[in-house]
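Listed below are the residues making up each chain.
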Amino acid sequence: MSEPRRPVSYYLRERFMPHLWCAGCGHGTVLNGLVRSVDELGLKKREIVMVSGIGCSARMAGYLDFHTLHTLHGRALAFATGVKLSRPELKIICPLGDGDALAIGGNHFIHAARRNIDITVLILNNRIYGMTGGQYSPLSGCGIDATTAPYSTIEDAFDPVKLAVAAGATFVARTTTFHVHQLQQILTQAIRHNGFSVVEVLSQCPTHFGRKNGGLEAVDMLKAFKQDTAPIGSKRLETAPDLTPVGVFVDEDRTEYCERYQSVIDRAQGAVADRAVAAEHAGAEPDRAVAAAGKGAVT
Amino acid sequence: MSSTTRSSRANGAAAATDRTSTGSNGSRAAGTTAATAKSRTLFVPGNEACAEGALYAGLGFFAGYPITPSSEIAEIMSRRLPERGDRFIQMEDEIASLCAIVGASLTGSKVMTATSGPGFSLMQEALGYGIMAEIPLVIVDVMRGGPSTGMPTQGSQGDINQIRWGTHGDHSIIALTASTNQALFETTVRAFNLAETYRTPVVVLYDELLGHLREKLTIPEPGELPLVERLRTGVPEGVDYHPYLIREDGRLPMSDFGGVHRYNVTGLYHDMWGFPSTDPRTVDELAHHIYDKIELRADELAQAREFYMEDAEIVFISYGSPARTARQVVHQARINGQRLGLLELETIWPFPARMVRDACRNARSTIVVEMNMGQMYYHIRNAVENPRSVFLSNRVDGRFITPKDIRRVLRIVEGQGE
Amino acid sequence: MIWKLVIGGVGGQGIITAGIILAETAVIQEGRFAVQSQTYGAEMRGGLTRTDVIISDDEIIYPKVDQAHMLACLHRKALSAYHGMIRPGGLLVTDRDEAPALKRLDCRQYEFPFSAAVRERTGGVRNVNLCILGAIAHLTGVVQMEHLEDAIRERYPGNDLALAAVKLGQELVVDSGFRAVHLGEDGRTGRHATSARV
């Protein structure tokens, strides 16, 4: 992990500490990696807007000294879209939980990906709804015990990576809170990427997921992240395809949404200019011709 | 035609500068824009009048999802905003639309979305967010028949109560309406002014009939109608800015996202930093603030048009396009020597209780004319001194209320049979 | 003076556009007052369509047409649906082939071969809605013919077919020998016109 140019505390709102995350929670590790990435990229704090939803992950926004928008459950990407399209020069980072990203917020997720709007999404996947007390999530997978699955879950999980790729995200990666170096590297790449970037971070929830599922402690879960994952393209993954691949799955160039919108502005303003010229040739007042051309379609 | 506008200087323009010097006669009556050299006369449907009003007010960002009978507003914005270098986006649903405009408003843009009843129902959660986080927003609700999908192409006024009470928790809201395209244009401008002045969502609501009714619209020249711009903090960089520290005049200067001040915005109860708080005193103060900043100004925000009210023995109270039918009835009755009057409400919420009470004080009867099951009627009954003198003339079949409908109720109220 | 008109037909015939142009002529070209509204179903094509237009020298309060001074119909479905809207003694203008006149209506009926004439002149059925406008303007004087033509020129710059269709409507009335109808102060249509069929 590279040495920060500034202390991590420079990026924190220490006024609002202590944070509410449980001891052993992986979310603080993600926050740490994120701050180091921002520092590595040399971004100014005022250039970053963090937009979060509701849940444990969402509280990250409050602790960071950026412009921070703590919104509604699942809607962070819709708010973020408004911020970004209105001020395309700002960097938008959205830390989302299981539900924010892929349950209540699933529709916003796929549409933001489809638009390829320049937003960096961190899916803090702890396979459980922590803040509400340990209910199962769309990332829990089958055979998991949760407070709303006393007989264990019967639903399969989304694969957030495959979903993001299919929906059109142009940067898609997965890592874990065990792989702190890779976490920072990938976050740096994701934030630098001009387009919709998705980083799934497997993050441990010892309080709810661990306790309900064999009494796993944070350390057990981190060890599992190490043992059960393998880098994309690695020999290990080839020989053991059941392992969870980590690394960068997609990194492609596609024109970003706000840039495409700029072309809409150019076309619209070109059309106005053309109409004004045409009106002048026709001898009419330009204003009036524009008004006439603007008459609504018949409904 | 005997008509006057009753209002305080409620378009909010005054609030930015000098609240005390504005009296009850300082305001421009809605629908009074006169054609001048630089004004433009158009023949457009109500939805376009509303869109023109928004553009006049300085709209910079629109997000929406198509729904009859409001879709024309989105269509107009998709063409006009990029012409001005501003932005339009069609979101994946109404929920996302309202969320997106909250985000854009925080960057300093004047923002709007437009929908109809079903879409408004979906927006309720984010509307509450806008109220709690005190975000200037304008939401247009072109009402159609409900509940549920109801009657997409027929008019109704069934959303009166959902816009006031639909989102959970104690709150207040500002909602304005109009009955002509000219008034709708000016009402929309006023909505933006009030949204900025009070840092709150403002609803512009009207029914399908007005939305699709084409009539003359004179767009005033720039500067003719006062505009309220975003009140931004003067706190310099490096000095603590408290985004939710209420000034003595009740206002909260804002700082744009991307600007020098970084702060937190949340839908949780929060302190002056915008940071979540459950401290009882903090919560209590904020709960009262978001309620009182509107409800305690109900008289100031109240705006209505009066027709023949001076000596009216029977008072009609109506709003939106049904007020045109009531006005027709009153107008003709006066020709026949009947002393009828009309109070046409242009502010729906906060409910203009005092104005209604005063208007009905000397009336033998009051007849509320609306296209719902009496959503305003019950509030009017509660406001007047003699609730038993208040009657309802309504229609809920999607058809526009006719003079005949109203006259039938009038005859019954007057004991003349049907 | 206030004129209340209804034009009816089916979706796709340009009924609503016709209503808009007529009302717009009064407002933009003549500086008068007008309102235009419409009734239609969810169908884009084929459903019953109606547009209501009120044109007046004064502000229009009640925006719906109750008893129409004139009903124009371009389709028989519309005629059977809306003929009851004509006020006693009002005018009915119909397309000879698409909406043959109904018997025993208390109104003065005018049949013109709008669609046939347009087809003969242009080989297509587009602009029949504009043709009927030309006839209405000439027959009733609700708007001045030249103002209607100005409105068409502004709306369809360089479209000679559109302008020709309006003039064709006027010609059909002229050729029929009908005299123009005027609206009396009492709101009744004048009695000096001949009720006849082409």
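Computed from a predicted structure; not experimentally measured.

Asker: How do you make sense of the overall build of chain C when you look at a structure like this?
Answerer: If you tally the helices and strands in chain C, you get six helices and six strands. Mapped from its N terminus to its C terminus, chain C presents α and β elements in the order β-α-β-β-β-α-β-β-α-α-α-α. Split into buried and exposed, the 198 residues of chain C put 50% on the buried side. Of all intrachain contacts in chain C linking residues separated by at least 6 positions in sequence, the fraction that spans at least 24 positions is 58%.

Asker: I would appreciate a short explanation of the overall build of chain B in the present structure.
Answerer: Along the backbone of chain B there are 13 helices and 17 strands. Its C-alpha atoms give chain B a radius of gyration of 21 Å, within 12% of the compact-globule value 22 Å for 418 residues. Expressed as lengths along the three principal axes of its C-alpha atoms, the size of chain B is roughly 75 × 45 × 45 Å. Counting across all 418 residues of chain B, residues that qualify as buried make up 58%.

Asker: Is there a simple way to think about the interface of chain B and chain A in this case?
Answerer: How big an interface is tends to be reported as the loss of accessible area on association of its parts. Taken residue by residue, the interface counts 42 residues in chain B and 37 residues in chain A. Sorting the residues of the side of chain B that touches chain A by element identifies strand E2 (40-45), strand E3 (59-64), helix H2 (71-83), strand E4 (87-90), helix H3 (94-106), helix H4 (117-133) and strand E11 (264-266) of chain B as the ones contributing at least two each. Across the side of chain B that touches chain A, the residue classes break down as 24 nonpolar, eight polar and ten charged. Bridge analysis of strand E2 (residues 67-70) of chain A against E11 of chain B gives three bridges, and the strand direction is parallel. Residue pairing across strands places His70 of chain A opposite Thr266 of chain B, the latter belonging to E11 of chain B.

Asker: What is the right way to look at the environment of Leu124 of chain A in this model?
Answerer: Residues and elements named next belong to chain A. Within the secondary structure, Leu124 is located in strand E4 (residues 119-125). Along the backbone, Leu124 and Phe158 are 34 residues apart, and their C-alpha atoms lie at a distance of 14 Å. Once residues lying within four places of it in the same chain are set aside, the contact partners of Leu124 are His27, Val30, Ser57, Pro95, Leu96, Gly97, Val201 and Ser203.

Asker: Hey, could you run me through the confidence of the model for chain B in this one?
Answerer: When pLDDT is low, close inspection of the predicted coordinates is not appropriate. Overall, the prediction assigns chain B a mean pLDDT of 92, with 91% of residues at 70 or greater. Low pLDDT, under 50, characterises residues 8-32 of chain B; the predicted model gives this stretch 48 contacts beyond four residues in sequence or across chains.

Asker: Is there a simple way to explain the sheet that holds strand E6 (residues 197-202) of chain A in this structure?
Answerer: Consider a sheet: its strands pair through backbone hydrogen bonds, and that pairing is either parallel or antiparallel. In space, the nine strands of this open sheet follow the order E7(A)-E8(A)-E5(A)-E6(A)-E4(A)-E3(A)-E1(A)-E2(A)-E11(B), with mixed pairing throughout. The outermost strands of the open sheet, each flanked by one partner alone, are strand E7 (229-231) of chain A together with E11 of chain B. Neighbour-to-neighbour, the strand axes of the sheet open up by a mean angle of 20°, direction not taken into account. The strands touched by helix H3 (residues 76-86) of chain A within the sheet are strand E1 (48-52), E2, strand E3 (91-96) and E4 of chain A, with E3 of chain A carrying the most contacts at an inclination of about 175°. Contacts from helix H7 (residues 180-192) of chain A reach E3, E4, strand E5 (171-176), E6 and strand E8 (244-251) of chain A, with the element oriented near 160° to E5 of chain A.

Asker: Is there a simple way to explain the domain arrangement of chain B in this structure?
Answerer: Residues and elements named next belong to chain B. Taken domain by domain, chain B comprises domain 1 (3-9 + 27-219) and domain 2 (303-413). With centres defined by C-alpha atoms, the gap from domain 1 to domain 2 works out at 25 Å. Across the contact, 31 residues belong to domain 1 and 24 residues belong to domain 2. Secondary-structure elements contributing two or more residues to the side of domain 1 that touches domain 2 are strand E1 (3-7), strand E7 (151-155), helix H5 (160-165), strand E8 (174-176), strand E9 (201-207) and helix H7 (208-212). In terms of residue count, E1 provides more of the side of domain 1 that touches domain 2 than any other element does, five residues in total. Taken together, the residues of the side of domain 1 that touches domain 2 sort by class into 13 nonpolar, 15 polar and three charged.

What counts and what doesn't
Throughout this description, residue numbers start from 1 for each chain and increase along the sequence as written. By the order in which they are written, chains take letters starting at A while ligands take numbers starting at 1. For a predicted model such as this one, the threshold for reporting local features is a pLDDT of at least 70, and the threshold for listing and counting side-chain atom pairs is 80 or more; totals across whole chains, interfaces and linings nevertheless cover every residue. Elements are defined by DSSP. Helices are runs of H or I of four residues or more, strands are runs of E of two residues or more, and each kind is numbered from the N terminus. Each residue is classed by its C-beta neighbour count within 10 Å, where at least 20 other C-beta atoms makes it buried, 12 or fewer makes it exposed, and intermediate counts make it partly exposed; the C-beta atoms are placed from backbone geometry. Throughout, a pair of residues is in contact if the C-beta atoms placed from their backbones lie within 7 Å. The reference for a compact globule is 2.2 Å times residues^0.38; the radius of gyration itself is calculated from the C-alpha atoms. Under the convention adopted here, Pro, Cys and the residues Ala, Val, Leu, Ile, Met, Phe, Trp and Tyr are nonpolar, Asp, Glu, Lys and Arg are charged, and Gly plus all remaining residues are polar. Any two strands between which DSSP finds at least two bridges are classified as paired. As a per-residue measure, pLDDT tells how confident the predictor is, with possible values from 0 to 100. Axis lines are fitted to C-alpha atoms, over the contacting stretch for helices. Their N-to-C directions set the angle, which ranges from 0 to 180 degrees. What marks off one domain from the next here is an automatic or database domain assignment.

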